[in-house]
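# Architecture and fold: a report
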Number of protein chains: 2
Amino acid sequence: MTKSEAPAPFAYDGLDRVIHEKARLGVMTSLAGKPKGLGFADLKRLCGLTDGNLSRHLQVLEEAGFVRIDKSFAGKRPVTTCFLTDKGRESFLDYLAILEQVVRDAAAASKRSLSDLSVKPA
Amino acid sequence: MTKSEAPAPFAYDGLDRVIHEKARLGVMTSLAGKPKGLGFADLKRLCGLTDGNLSRHLQVLEEAGFVRIDKSFAGKRPVTTCFLTDKGRESFLDYLAILEQVVRDAAAASKRSLSDLSVKPA
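Calculation rules
- Residues numbered from 1 in each chain as written.
- Chains lettered and ligands numbered in written order.
- Predicted model: local features only at pLDDT ≥ 70, side-chain atom pairs only at ≥ 80, totals over all residues.
- Pairing = 2+ DSSP bridges.
- Helix = DSSP H or I, 4+ residues; strand = E, 2+ residues; numbered from the N terminus.
- Contact = placed C-beta atoms within 7 Å.
- Axes fitted to C-alpha atoms, helices over the stretch in contact; angles between N-to-C directions.
- Nonpolar A, V, L, I, M, F, W, Y, C, P; charged D, E, K, R; others polar.
- Parallel < 35°, antiparallel > 145°, perpendicular 65-115°, else oblique.

### Digging into the sheet that holds strand β1 (residues 38-39) of chain A
Residues and elements named next belong to chain A. Strand order across the open sheet formed by three strands is β1-β3-β2, with antiparallel pairing between neighbours. Among the strands making up the open sheet, the edge pair consists of β1 and β2 (67-74). Looking at chain direction, β1 and strand β3 (residues 77-84) are connected through two bridges and run antiparallel. When the sheet's bridge partners are listed, L38 is paired in β3 with C82. Those strands touched by helix α4 (residues 51-63) are β2 and β3, and its axis lies near 120° from that of β2.

### Some words on the interface of chain A and chain B
Between chain A and chain B, the residue contacts involve 38 residues of the former and 38 residues of the latter. Mapped by element, the contributors of at least two residues to the side of chain A that touches chain B are α1 (17-20), α2 (22-32), α3 (40-47) and α5 (86-117) of chain A. Residue classes in the side of chain A that touches chain B are distributed as 20 nonpolar, nine polar and nine charged.

### Digging into the packing of helix α2 (residues 22-32) of chain B against helix α4 (residues 51-63) of chain B
All names here are of chain B. As a packed pair, α2 and α4 sit with axes 10 Å apart at the nearest point and diverge in direction by 75°. The orientation of α2 with respect to α4, classified from their angle, is roughly perpendicular. Contact residues: α2 offers A23, R24 and V27, while α4 offers N53, H57, L58, V60 and L61. Its residues assigned to classes, the contact of α2 with α4 comprises five nonpolar, two polar and one charged.

### Looking at the pairing of β2 of chain A
All names here are of chain A. Pairing of β2 with β3, which is carried by eight bridges, proceeds in the antiparallel orientation. Across the sheet, residue D70 finds its bridge partner in β3, namely T81. Counting the residues that bridge the hairpin from β2 to β3 gives two residues, and of these G75 lies at a positive phi of roughly 70°.

See below:
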């Protein structure tokens, strides 16, 4: 069996855990479409997160250098705006390429499995 | 802004955390193509996992009812074979549908972002 000698094809080493986590994946996807950034409240609503959860996940993304957080004032009201950094955008595109591979592998496996189970030979 | 009134489009509630974890995603994808199951050693190699890690993740998948683990003997040698259950296959297909949505959203966001940054109006 030559397959077993090959490097692990289902290890998906490129799936960066910082981005792969479900809530952060939503945050990164939301920000990817907004080069001018998104306010904290909008981001919270788009991702269905609480204040505390969003803050925690933004901190992880900021520490990884994927997200930049600007704090300013609109009159007396504090405004927090979140952006993808260039590094964040690049890492997100790399991540996305692996995710597409996962979807292709999984779709192929599911199809192959159905045809293996079929009574008629393919 | 009507978008903010809509239910959270980037919450990805259907991304089952049991399947989404990177190592378990590899295990589920490996097993999805193998209706006759995969031996522990093959699964370990395909997913690039250690014995301990694979055992731990298989236990999580078994507890969720997604994987069945058969122990038997080939002569005196113990053989462990892992299968997706019907529930596991169904849940994996549901998961996969959401993952495809993520890939579409992310690709669309990345494209939109690039055209937003472009000098010429679209």
